[in-house]
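As a plain string of letters, each chain reads:
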Amino acid sequence: MKQEYFERKDKELFCEGVSVKAAAEKFGTPLYLYSASHIKERYNNFEEALKGYPHEICYAVKACSNIHILELFAKAGSGFDIVSGCELRRVIDAGGDPRKCVYAGVGKSAEEIKLAVENEILYFGVESVPELERINAIAGKLGKVARVALRANPDVDAHTHDYITTGKSENKFGLTFSQTEEILKNFPKKYPNLEAAGLQIHIGSQITETEPYRTAVLKAAEFVKKLRAQGTELKYFDIGGGLGIVYKDEEPATPAELIKEILPPISELGMTFVCEMGRYMVGNSSVLVTKVEYVKENPDKTFVIVDAAMNDLIRPALYEAYHDIVPVEEKDGTFVCDVVGPVCESGDFFRKDCRLAKVGEGDLLAICSAGAYGFTMSSNYNSRNRAAEVLVEGDEMTLIRKRETYEDQVRNEKTCR
Ligand SMILES: Cc1ncc(COP(=O)(O)O)c(C=O)c1O
């Protein structure tokens, strides 16, 4: 386990000053346990790396959207990267500033665009001509000018899992440089209610090297120069998100290393730097605490069946993602097993053929690095109640999302009777 703010004291796992076992006893399992100090430190690492240069750090809400977590970012002065109207509403509820929100995504509805224009967000990351036309029309009706950043696809391989690579030309995201150039010709005439404010690129997620970023930034910087020669001035240079974290033995670049590599071509252009990190900010801030229900011995395999499942953390099933699993209390001995959940799918596993501490019924396990795309991707599959979430800071633990109940699950169905 390599997560700052999680450590063993006398064989027992702690999150900051709180015993993980005590949290599980108080709030039950499965339980997402987050370290507030980790999140604050990660945000500050970017602030430090960008000190003295005009920038906006926009936390990618989709990574972990609990309003109490968003509040930590809002208090630190962060902006937000949103992908839906309800994410914008979460930011506002958390005390975040909508004027520091950038709005990405290929399918924004008219209703969502209206909400964002009314709240005067920083800009829309625009991915198609029909979307530009729609935003222009809605802003016109509201008597406003909306800012847009065109999302250009730099056609760079981010060396990450296929499902989380987004900067190659075959992905559904963004516009080609030539489409972007065409759109920006006579822009004020074509789109009188829009201001072309920036260029955005986002090449993928869990990127551990600086090289793909540098390649993409250099390509985009050359493109900005070409646009300038044609009379288009853009203010914001948005590199998207994607910086990786440690799940196993990765050695991801730090924000300082990344910024050192990519800021020079951007500062040469005098543009404001924007980034939209999600996973980096929260991925290692959390563990999913789960209880062993049974240890099942088959002739060929041992299965450790836990009370969390793919509906709580889908990354192993969806991306073949690796998550370290450690016992909350150290045990003597180890065995090789599959750690699986109770859902009726063969894909419902957390680890296969892993060497694990010799746990038994009732023991607690921590599934590590679960803070990003963990709870936010959870569902009620198999009519399972979604987990509780608890935020730890120092010796304090605060329930930030109650465990769902059966009544929560069926409320909107029963009202249709
Ligand atoms: C446009 C955009 N920005 C930012 C992010 C956040 O990525 P990450 O969590 O890898 O930093 C994503 C992730 O899908 C994205 O699509």
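Residues numbered from 1 in each chain as written. Predicted model: local features only at pLDDT ≥ 70, side-chain atom pairs only at ≥ 80, totals over all residues. Heavy atoms only, no water.

Engineer: Can you walk me through the sheet that holds strand β2 (residues 12-15) in this structure?
Structural biologist: Sheet strands pair via backbone hydrogen bonds, and the direction of the pair is either parallel or antiparallel. The strand order across the open sheet formed by three strands is β1-β2-β3, and the pairing between neighbours is antiparallel. Only two strands of the sheet have a single partner each, and these edge strands are β1 (6-9) and β3 (18-19). (Pairing = 2+ DSSP bridges. Helix = DSSP H or I, 4+ residues; strand = E, 2+ residues; numbered from the N terminus.)

Engineer: Any chance you could explain the site of the ligand here in plain terms?
Structural biologist: Taken together, the neighbourhood of the ligand is formed by 15 residues, with S205, G242, E276, R279 and Y373 sitting nearest. G242 is positioned with one of its backbone polar atoms (N or O) 2.7 Å from an oxygen atom of the ligand. For the ligand, whose free accessible area comes to 400 Å², the fraction covered by protein is 91%. Among the residues forming the shell around the ligand, the class breakdown is four nonpolar, six polar and five charged. (Near = heavy atom within 4 Å. Polar contact = N/O pair within 3.5 Å; in protein donor to acceptor, adjacent residues only side chain to side chain. Areas by Shrake-Rupley, 256 points an atom, 1.4 Å probe, with all protein chains shown as cover. Nonpolar A, V, L, I, M, F, W, Y, C, P; charged D, E, K, R; others polar.)

Engineer: Whenever I open this one, the sheet that holds strand β5 (residues 55-60) confuses me. Can you help?
Structural biologist: Taken together, eight strands build a closed barrel; the order of strands is β5-β6-β7-β8-β9-β10-β11-β12 and the barrel is parallel. Here the strands of the sheet are splayed against their neighbours by 30 degrees on average, with no regard to which way each runs. Across three bridges, the pairing between strand β11 (residues 236-238) and strand β12 (residues 272-275) is parallel. Considered in β12, the bridge of F237 is made with F273. (Axes fitted to C-alpha atoms, helices over the stretch in contact; angles between N-to-C directions.)

Engineer: So what exactly am I meant to see when it comes to the packing of aromatic side chains here?
Structural biologist: The way to describe two aromatic rings as a pair is by their centre distance and the angle between their planes. Summed over the entire model, instances satisfying the criterion amount to nine aromatic pairs. Judged by centre distance (5.4 Å) and plane angle (80 degrees), the ring pair of F46 and Y280 falls under edge-to-face. Pair noted here: F46 is in helix α2 (residues 36-50) and Y280 is in helix α11 (residues 279-282), with a separation of 234 residues, a long-range link. Across this residue pair, the class does not change: F46 and Y280 are buried. (Phe/Tyr/Trp six-rings, centres within 6.5 Å; stacked < 30°, edge-to-face > 60°. Buried < 20%, exposed > 50% of the residue type's maximum accessible area, 1.4 Å probe, protein only.)

Engineer: How should the environment of A110 be read in this particular structure?
Structural biologist: Within the element layout of this structure, A110 appears in helix α5 (residues 110-118). Between the C-alpha atoms of A110 and E131, which are 21 residues apart in sequence, the distance is 9.4 Å.

Engineer: Is there a simple way to think about the pairing of strand β9 (residues 146-151) in this case?
Structural biologist: Consecutive side chains of a regular strand alternate in pointing toward one face of the sheet and then the other. Burial analysis of β9 places five of its six residues in the buried class, which makes it a mostly covered element. Looking at chain direction, strand β8 (residues 123-126) and β9 are connected through three bridges and run parallel. Opposite V126, over in β9, you have L150 as the bridge partner. Tracing the backbone out of β8, into helix α6 (residues 129-141) and back to the parallel element β9 gives a crossover that is right-handed. Strand direction decides the pairing type here: β9 and strand β10 (residues 194-200), joined by six bridges, are parallel. Bridge pairing in β10 links L150 to L199. (Right-handed = clockwise from strand over helix to strand, strands pointing away.)

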